[in-house]
Amino acid sequence: NYIQGYYSGSSDRMEKALHPDLAKRIVRTGSDGKSSLDQMDAETLVEITRRMSQRPVPEEEWVDDVIILDIDQNVASVRVDAAQWIDYLHLAKWNGEWKIVNVLWEMHPGG
């Protein structure tokens, strides 16, 4: 639901994938060389996905390689290689469904 929902512009699929308290963060380096964290919450990510519905990514351009790095009972760590970025996800089983709670991500070099 997460990456394919994004590519297709399906905000319903994206919302289904996310815990309401999601924190998605990227480390940015400013012109002064200092690092900072940019953060998105679930609502922002769902809205970005909703805007993608205006011009969804053609299916032949989807890159959605998913690797489960670790899973134990009600928690999991997953890597998603997308077309332009890499996401490291922490998931939790929430009310019987897997939900993304945290994402740390970065752009592919040159992406």
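Refer to the structure presented above.
So, a few notes on the structure that sits alongside this text. As the structure is a computational prediction, the values presented were derived from the model and not from experiment.

## Overview of the pattern of salt bridges
Within the structure shown, the criterion is met by seven salt bridges. For Lys 24, the salt bridge is made with Asp 87, and the minimal N-O distance between the two is 3.8 Å. Taken together, the positions of Lys 24 in strand 1 (residues 18–29) and Asp 87 in strand 5 (residues 85–94) put the pair 63 residues apart, joining distant regions of the chain. Look at Lys 24 and you get buried, because its relative accessible area is 5%. Accessibility expressed as a relative area gives 0% for Asp 87, which makes it buried.

## Thoughts on the packing of aromatic side chains
Following the criterion strictly, the structure yields three aromatic pairs and no others. When the ring of Tyr 6 is compared with that of Trp 85, the centres are 5.4 Å apart and the planes differ by 85°; the resulting orientation is edge-to-face. Linking Tyr 6 in helix 1 (residues 2–8) with Trp 85 in strand 5, this pair joins segments that are 79 residues apart in sequence. The same class applies to Tyr 6 and to Trp 85, which are both buried. An aromatic cluster is defined as three or more aromatic residues linked by ring pairs; in this entry it consists of Tyr 6, Tyr 7, Trp 62 and Trp 85. Lys 24 extends its terminal NZ or CZ atom over the ring of Trp 105, reaching a point 5.0 Å from the ring centre.

About the criteria used
Residues numbered from 1 in each chain as written. Predicted model: local features only at pLDDT ≥ 70, side-chain atom pairs only at ≥ 80, totals over all residues. Heavy atoms only, no water. Salt bridge = Lys/Arg side-chain N within 4 Å of Asp/Glu carboxyl O. Helix = DSSP H or I, 4+ residues; strand = E, 2+ residues; numbered from the N terminus. Buried < 20%, exposed > 50% of the residue type's maximum accessible area, 1.4 Å probe, protein only. Phe/Tyr/Trp six-rings, centres within 6.5 Å; stacked < 30°, edge-to-face > 60°. Lys NZ or Arg CZ within 6 Å of the ring centre and 35° of its normal.

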